[in-house]
Amino acid sequence: DKESQHEKHRSEFEQAIFDLKDRFIKFPLTSEENGEKIEEFEELCGIPQIVGAIDGCHIQIYAPSQNHEDYFNRKQHYSVNLQAIVDENLKFIHATVRYPGSIHDARVFRLSSLCDITENVQILSGPISNISGTDVRPLLAGDSAYVLTT
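Residues numbered from 1 in each chain as written. Predicted model: local features only at pLDDT ≥ 70, side-chain atom pairs only at ≥ 80, totals over all residues. Heavy atoms only, no water.

A.B. asks: I keep staring at unusual backbone geometry and nothing clicks. Help me out?
C.D. replies: Excluding glycine, most residues fall at negative phi; most peptide bonds, likewise, are trans. Geometrically, the link from G126 to P127 is a cis peptide bond, its omega value of 5 degrees lying close to zero. Relative to the helices and strands, P127 resides in the loop between α4 (113-119) and β4 (129-131). Phi at Q49 takes a positive value of approximately 70 degrees, unusual for a residue other than glycine. Here Q49 shows up in the loop between α2 (31-45) and β1 (50-60). Here Q76, not a glycine, exhibits a phi torsion of approximately 70 degrees, which is positive. (Helix = DSSP H or I, 4+ residues; strand = E, 2+ residues; numbered from the N terminus.)

Okay, here's the thing in C-alpha cells:
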C-alpha cells in the first residue's frame, strides 16, 4: 500500500540523516578547535571568545495523537523545539530536536547533554583569554533565554 511505502521511505530518509549527521555537524571538542572558531568569530564580528551562537526555534508539526497539548506553543501552533548552535559561517555545529513546543528555550538547554558537559568543563574549557583582568573561557552567545553561566 502507498502509505506504508511512504512510511518506509521516510524512515530510511530519517535513518540516513541520523547516520550522516556526525560527518556534517561537529562541535569543537579541543582547545585547538575552539581556538579556530574563536578566531574566525572574532574576525567576523569583533567579539572575543565566542565559539558559536545558540538559539531555539519552533518547527511546526501536525498535532500528535498523544499528549498534543505538550506540543502547543506560545505562538499558538503545534511544534517541536530545535535548539541549534551555529559557528561564524552559520554552519550547524550542534543541534537538538526532541522536546515539545511548550518547553521554553532555557529548559531545553538545561535538559540537553550539552548543558551537563559544559558545566562539567568537558567542553569549552580552553583556550582561556584574559580580558580586562578576567580569565574568560570559550563562550556561546545567546539571547536572554539563556542565563549567563561560567
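The structure having been displayed, the exposition proceeds.
A.B. asks: Looking at this model, I keep getting lost on the nonpolar core. Mind explaining?
C.D. replies: Core analysis: the biggest nonpolar cluster contains 13 residues, and F27, I85, F109 and L114 have the highest contact counts within it. Contributions of two or more residues to this core are made by β1 and α4. Those residues in contact with F27 that sit more than four places away from it in its chain are E33, I85, I93, H94, L114, I123, L124 and L140. (Core = buried A, V, L, I, M, F, W, Y, C linked by side-chain atoms within 4.5 Å. Buried < 20%, exposed > 50% of the residue type's maximum accessible area, 1.4 Å probe, protein only. Contact = heavy atoms within 4.5 Å.)

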